[in-house]
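# Breakdown of the fold
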Amino acid sequence: MLIALDSQNHYVQADLIKEKNIKGSLFCPGCRQPVYLKRGKIKIPHFSHYQASDCFLFSEGETLEHLAGKQMLSQWFTQQEIPCMLEAYLPKLKQRPDLLIWLDQKIPVAIEFQCSFISEANMIKRTQSYQKAGYKVIWILGKRFKLKRKLTAQQRLFLYYHKNLNYHLFFLDTNHQKLHIFYHLIQFERNELLKSRNYQVSLTNKKITLKTIINHFETLTYQP
Ligand SMILES: [Zn+2]
């Protein structure tokens, strides 16, 4: 996890906190058990439970990819002045989206950076619970979901539809800090090859913002 609570109940972020400024203990925002700051040369600074815990919100062994992706996206939104919260716990839903952003004041958007397997039932349950509570949800996929010659059942779960983009999927490549939007996805038959277009955005290029992407796709047309 990237966010913990300090002894005054304030949220602290792992990459911003200075060890000498930590007063007292830090706690997991989910289970309230004590956590500690882990920092190393190749690691992304993050918090970890002291004991192998049965925390309902944060499983231990969160991958470097997942930690790095959350942090990259949070920095990308923040630098565009898009309101963004990392790992915000939503008590009513008992869910903790990886990020929560606001593109306008009315509709919060939950962003899930999915790096590991999730069952179909669980994915649908989580999506519906966000939607019922008035959140939009965007699933962004990690490297285990990389597109190959055919769409897998797991990948199909995360397909979005938009009139200009037609079927599309979101990917984050944390190694190259690139967001990929694969759109105009077509695969007519099970045994046919997948066709798609790829729109890539480098998260380190400050000129390309979410607005740039939205504007790009607004002018796009699709002819089946
Ligand atoms: Zn916990």
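Here the structure is a predicted model, which means the values were calculated and not measured. (Residues numbered from 1 in each chain as written. Predicted model: local features only at pLDDT ≥ 70, side-chain atom pairs only at ≥ 80, totals over all residues. Heavy atoms only, no water.)

## Quick notes on the overall build of the chain
Our working rule: For helices the rule is a DSSP run of H or I covering at least 4 residues; for strands it is a run of E covering at least 2, with both sets numbered from the N terminus onward. Radius of gyration: over C-alpha atoms. The globule rule applied is 2.2 Å multiplied by the number of residues raised to the 0.38 power. Throughout this description, buried means an accessible area under 20% of the type-specific maximum (1.4 Å probe, protein chains only), exposed means over 50%, and partly exposed covers the range between. Residue contacts follow a heavy-atom distance rule, with two residues in contact if any of their heavy atoms lie within 4.5 Å. Where accessible areas are quoted, they stem from the Shrake-Rupley method and a 1.4 Å probe; at the residue level, only the protein chains shown are allowed to cover. Counting rule for charge: Lys and Arg are taken as positive, Asp and Glu as negative, and neither His nor the chain ends is counted. A single reference atom marks each charge: NZ on Lys, CZ on Arg, CG on Asp, CD on Glu.
Assigned secondary structure in the chain consists of 4 helices and 13 strands. The C-alpha radius of gyration of the chain comes to 19 Å, within 12% of the 17 Å expected for a compact globule of 224 residues. Looking at the chain as a whole, 46% of its 224 residues qualify as buried. In the chain, once contacts between residues fewer than 6 apart in sequence are set aside, the share between residues at least 24 apart is 48%. Accessible area for the chain stands at about 13,600 Å²; split by element, carbon and sulfur atoms hold 52% of it. Separation of charge centres in the chain, based on 32 positive and 17 negative side chains, amounts to 3 Å.

## Quick notes on the pattern of salt bridges
Condition: Salt bridges are counted wherever a side-chain nitrogen of Lys or Arg sits within 4 Å of a carboxyl oxygen of Asp or Glu.
All told, the structure shown has 4 salt bridges when counted by the stated rule. Across the pair K70 and E62 runs a salt bridge whose closest N-O atoms are separated by 2.5 Å. Judged by its relative accessible area of 0%, K70 falls in the buried class.

## Some points on the domain arrangement of the chain
Put simply, the rule reads: What marks off one domain from the next here is an automatic or database domain assignment. Buried area: the accessible surface (1.4 Å probe) lost by two parts on joining, summed over both. Think of it as three bins: nonpolar holds Ala, Val, Leu, Ile, Met, Phe, Trp, Tyr, Cys and Pro, charged holds Asp, Glu, Lys and Arg, and polar takes everything else, Gly as well.
According to the domain assignment, the chain contains domain 1 (3-49) and domain 2 (64-218). Here domain 1 and domain 2 have C-alpha centroids that lie 27 Å from each other. The partner domain 2 presents 7 residues to the 7 residues of domain 1 that form the contact. Both sides of the domain 1 and domain 2 interface together cover about 730 Å² of buried area, and 64% of this is carbon and sulfur. On the domain 1 side of the interface with domain 2, the three residues burying the most area are I3, D15 and I44, jointly 57% of the side's total. Run the count over domain 1 and domain 2 and you get 0 salt bridges. Of the residues that constitute the side of domain 1 that touches domain 2, the class distribution is 3 nonpolar, 2 polar and 2 charged.

## Side note on the environment of C31
Summarising the element assignment, C31 is placed in the loop between β3 (26-27) and β4 (34-38). As for C31 and C55, which are separated by 24 residues in sequence, their C-alpha atoms are 5.7 Å apart. Ignoring any residue separated from it by four or fewer positions in sequence, one finds C31 in contact with H49, C55 and F56.

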